[in-house]
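# Fold and geometry: a report
Each chain, written out:
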Amino acid sequence: THMVTPITSGGATAFGSHFLSTWDLCERKGFFSFEAPHPAGGRGLKTRFPPRPVPLGGIVHEGMAAYYLSGPEDPGARDVDYAVAVLEAAAAARAHEWATTEERELDLAKGRGLLYDYHQFYKGDPDIQVLSDKEGPLVEREWVVDFADGTRFTCRPDLVATYQGQWVYVLEHKTTSAYGINKLRASMRNSIQGTGECYVLSKALPDLPVQGV
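Residues numbered from 1 in each chain as written. Predicted model: local features only at pLDDT ≥ 70, side-chain atom pairs only at ≥ 80, totals over all residues. Heavy atoms only, no water.

Further remarks concern empty space enclosed by the protein. What the rule picks out here adds up to one cavity of 30 Å³ or more. One number sums up the size of the largest cavity: a volume of about 40 Å³. Along the walls of the largest cavity sit His-61, Met-64, Ala-65, Tyr-68, Glu-140, Asp-158, Leu-159 and His-173, which together make up its complete lining. With four residues, helix H3 (residues 53–69) is the single largest residue contributor to the lining of the largest cavity. Each residue belonging to the lining of the largest cavity can be placed in one class, and the counts come to four nonpolar, two polar and two charged. (1 Å grid on protein atoms, 1.4 Å probe; cavity = no way out; pocket = protein on both sides within 12 Å on 5 of 7 lines; lining within 4 Å. Points joined across faces, edges and corners; volume = space filled by probe spheres on them. Helix = DSSP H or I, 4+ residues; strand = E, 2+ residues; numbered from the N terminus. Nonpolar A, V, L, I, M, F, W, Y, C, P; charged D, E, K, R; others polar.)

So this is what it looks like as structure tokens:
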């Protein structure tokens, strides 16, 4: 069975690939991240500031979502200036995620550059049309699949779209270092994130022939 839930907050979903891979890679880290009692109440411990790539990736994701939402089916309407404004607002709202103002300003400049370069290179991405349902475009939509044993898997794909009007793909935008690109491209073919998203969508949207990420 499946159900659709509204977007909760930015970043990883509650029981998605990040949650499962944390436990898979290190049970100790999984315990401290999600189960250890917190002094202020609740469970889960984390460092005061996330690793530097995390807030940069977060604000770029918000900017990219705004970019495609400004013209889901019309590439000519996609507004990079609007996307940058959303990125800047996201950086202001998430200012507490950087240790210093200087770090935030540096990542904000990187984020602006990434969005402007993306727009210049793809020129609105004319091969991509964002799919929609009665709730709107399938951009940053959170999905949940419940399993028979009571466990669940969650995901929030960047967007679901048709490519050149023929193939249905999940688009995932990744901010990465230059030397990490090949590893990322290879791992996305069989990672829990990519395969998990395809599995969830096959259950949530069984009539939609998703062909990859």
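Once that is clear, we can look at the pairing of strand E6 (residues 152–155). Judged from the four bridges that link them, strand E5 (residues 143–146) and E6 form a sheet pairing that is antiparallel. In the sheet register, Val-144 faces E6, and the bridge partner there is Thr-154. Remark: five residues form the turn of the hairpin made by E5 and E6, two consecutive strands paired antiparallel; Gly-150 in that turn has positive phi of roughly 95°. (Pairing = 2+ DSSP bridges.)

Once that is clear, we can look at the layout of surface pockets. Here the second largest pocket is characterised by a volume of approximately 1,300 Å³. Together, 32 residues line the second largest pocket, and Tyr-122, Glu-172, His-173, Lys-174 and Arg-185 are the ones closest to its centre. Looking at the lining of the second largest pocket, the elements that each hand over two or more residues are H3, helix H5 (101–122), strand E8 (167–171), helix H6 (181–187) and helix H7 (192–204). With five residues, the single largest contributor to the lining of the second largest pocket is H5. Tallied by class, the residues present in the lining of the second largest pocket amount to 18 nonpolar, seven polar and seven charged.

Taking 1.5 Å of rise per residue, 17 residues should cover 24 Å, and H3 covers 24 Å from first to last C-alpha, within 8% of that figure. In terms of residue burial, H3 counts as a mostly covered element, since twelve of its 17 residues are buried. The set of residues buried in H3 consists of Pro-55, Leu-56, Gly-57, Gly-58, Ile-59, Val-60, Gly-63, Met-64, Ala-65, Ala-66, Tyr-67 and Tyr-68. Those residues of H3 that are buried are in contact with helix H4 (80–93), H5, strand E2 (128–130), strand E7 (159–163) and E8. (Expected span 1.5 Å × (residues − 1). Buried < 20%, exposed > 50% of the residue type's maximum accessible area, 1.4 Å probe, protein only. Contact = heavy atoms within 4.5 Å.)

Grouped together as the largest cluster of nonpolar side chains are 23 residues, with contacts concentrated most on Ile-59, Met-64, Tyr-67, Tyr-68, Leu-115 and Leu-159. For this core, the secondary-structure elements that each account for two or more residues are H3, H4, H5, E2 and E7. Per-element accounting of this core gives the leading share, seven residues, to H3. Here Tyr-68 is in contact with Arg-78, Tyr-118, Asp-125, Ile-128, Val-130, Leu-159, Leu-171 and His-173, once residues within four sequence places are set aside. (Core = buried A, V, L, I, M, F, W, Y, C linked by side-chain atoms within 4.5 Å.)

Right, let's talk about the sheet that holds E2 for a bit. Spatially, three strands are ordered E2-E7-E8 in an open sheet, and the strand pairing comes out antiparallel. Because the sheet does not close on itself, it has two edges, and the strands there are E2 and E8. Sheet twist, expressed as the mean angle between neighbouring strand axes with direction ignored, is 40°. For E7 and E8, the ladder comprises five bridges, and the chain directions are antiparallel. Bridging from a neighbouring strand, Thr-162 pairs with Val-168 of E8. (Axes fitted to C-alpha atoms, helices over the stretch in contact; angles between N-to-C directions.)

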